[in-house]
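Observations on the model geometry
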Amino acid sequence: MRIIVNGDTREVATPVLAEVLAELGYAGAVVATAVNESFVPTGARARTILADGDRLEILAPMQGG
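The structure displayed is predicted, hence computed values, not measured ones. (Residues numbered from 1 in each chain as written. Predicted model: local features only at pLDDT ≥ 70, side-chain atom pairs only at ≥ 80, totals over all residues. Heavy atoms only, no water.)

**Points about the overall build of the protein**
- Scanning the protein from N- to C-terminus turns up one helix and five strands.
- Taken from the N to the C terminus, the helices and strands of the protein come in the order β-β-α-β-β-β.
- Computed over the C-alpha atoms, the radius of gyration of the protein is 11 Å, within 12% of the 11 Å expected from 2.2 N^0.38 for a compact globule of 65 residues.
- Overall, the C-alpha framework of the protein stretches about 40 × 25 × 20 Å when taken along its three principal axes.
- Buried residues in the protein amount to 32% of all 65 residues. (Helix = DSSP H or I, 4+ residues; strand = E, 2+ residues; numbered from the N terminus. Rg over C-alpha atoms; globule rule 2.2 N^0.38 Å. Buried < 20%, exposed > 50% of the residue type's maximum accessible area, 1.4 Å probe, protein only.)

Next up, the structure:
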């Protein structure tokens, strides 16, 4: 399935958001996610199903001062 991740087109093997995050190397990482500009809480990722062409944004917290 082809989705857009942070502006780049990617092929992923699964439609389940939690599994896509693991496939992309974000398993266990503290990140915020949005699908088609709608925030997806951590607890909803395992039941969020992506469709071909969906836009996924993955944001990691940044440190600074």
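That shown, we press on.
**Re the pairing of strand E3 (residues 32–35)**
- Across four bridges, E3 lies against strand E5 (residues 55–59) in antiparallel orientation. For Ala 34, the partnering residue across the bridge sits in E5 and is Glu 57.
- Examined bridge by bridge, E3 and strand E4 (residues 38–40) share three bridges and lie antiparallel to one another. Directly across from Ala 34, in E4, lies its bridge partner Phe 39.
- Counting the residues in the hairpin turn of E3 and E4 gives two residues, including Asn 36, whose phi is positive at 50°. (Pairing = 2+ DSSP bridges.)

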